[in-house]
Amino acid sequence: MIDWSTLAHDLAAQAGKNPGKVRAIPLAGGDINRAFRLESSAGCYFVKVNSAALESMFVAERRGLEAILDCAAIRVPRVYQTGCATGFAYIVLEYIELAAVPAADRLAQALAAMHACRQLRYGFDIDNTIGSTPQLNRCSDDWVEFWREQRLEYQLALAQQNGLPTRLLDSGRRLAQELGRFFESYRPQASLLHGDLWSGNYAADSCGDPVVYDPACYYGDHEADLAMMELFGNPGARFFASYRERFPIDAGYPRRRDLYNLYHLLNHANLFGGGYIAQSQRIIDQLLAQLR
């Protein structure tokens, strides 16, 4: 495991302080990494640890957190250090005491401001991960092509490698080829996205300010973040009303919501199998039915 004393001394040196007594307390939660609260006289930190082979995952997470921080729209944990030691990769983050779900209007305002941070092209300057799955972010001028090749077709290729049903693969590929029909009158701007914005990845701090974490950032359609918020939970009508006051939502969003969430369902089907396979197939069938 990580040499906590050495890490604490490095962090204390950055702050110009003495670490004093050091404690690393294991924390519950998280399916991918081990998490710890690192305490010393110099401060308190949140540390995620995994195999050294996954250092690039933490490097990409750092880049995403820094992109959101630079946007100055919503709070994220500051990153103090990433690295490898004794066969383990780690990322050291600001420790934030989290409270309940943030107020809907404050969350909507902050996310709308983050989505207003834009660039000209879709994608990101680094590939990252969605869960433990690689997520491709090669920059593109064509949103439909980006979503087809780097989201749906990539997950379908993994599904084939994992031996998922042929009907799922065939119907999924048909849907991917027809993707442009969902965007005939809508060309999204390239907004900064969290990328994995389910209800477990946002909360409020002790002052009630919204906080987001564990991002899978890229620039794309803001609807993709909104859709994910409705996949494993729902931020509610007040959230959407407040969000619309700051960032318009196209009338076709309900039609594309399942299309965007299909990416995450396919990822879950590839990672966990089970009911996610049937759920993915059901969504594909529903989307194809809309095109008849």
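Residues numbered from 1 in each chain as written. Predicted model: local features only at pLDDT ≥ 70, side-chain atom pairs only at ≥ 80, totals over all residues. Heavy atoms only, no water.

Draft legend 1. Highlighting the overall build of the protein chain. Along the backbone of the protein chain there are nine helices and 12 strands. Taking 2.2 N^0.38 as the reference for a compact globule, 292 residues should give roughly 19 Å; the C-alpha atoms of the protein chain span a radius of gyration of 20 Å, in line with that estimate. For the protein chain, the spread of C-alpha atoms along the principal axes amounts to about 70 × 45 × 35 Å. Classification of the 292 residues of the protein chain by burial places 51% in the buried group. Nonlocal contacts in the protein chain, meaning residues at least 24 apart in sequence, comprise 65% of its contacts between residues at least 6 apart. Of the roughly 13100 Å² of accessible surface on the protein chain, a fraction of 49% belongs to carbon and sulfur atoms. Taking the average place of the 29 positive charges on the side chains of the protein chain and the average place of its 33 negative ones, the gap between the two points comes to 3 Å. (Helix = DSSP H or I, 4+ residues; strand = E, 2+ residues; numbered from the N terminus. Rg over C-alpha atoms; globule rule 2.2 N^0.38 Å. Buried < 20%, exposed > 50% of the residue type's maximum accessible area, 1.4 Å probe, protein only. Contact = heavy atoms within 4.5 Å. Areas by Shrake-Rupley, 256 points an atom, 1.4 Å probe, with all protein chains shown as cover. Lys, Arg positive; Asp, Glu negative; His and termini not counted. Charge placed at Lys NZ, Arg CZ, Asp CG, Glu CD.)

Draft legend 2. Fine view of the side chain of Asn-50. Note that Asn-50 resides in strand β3 (residues 43-51). With relative accessibility at 15%, the residue Asn-50 sits in the buried group. A distance of 2.9 Å separates a polar side-chain atom of Asn-50 from the backbone oxygen of Ile-32. Polar contacts involving the side chain of Asn-50 include one to the side chain of Asn-33, which spans 2.8 Å. Residues within four places of Asn-50 in sequence aside, it is in contact with Ile-32, Asn-33, Met-57, Phe-58, Phe-88 and Ala-89. (Polar contact = N/O pair within 3.5 Å; in protein donor to acceptor, adjacent residues only side chain to side chain.)

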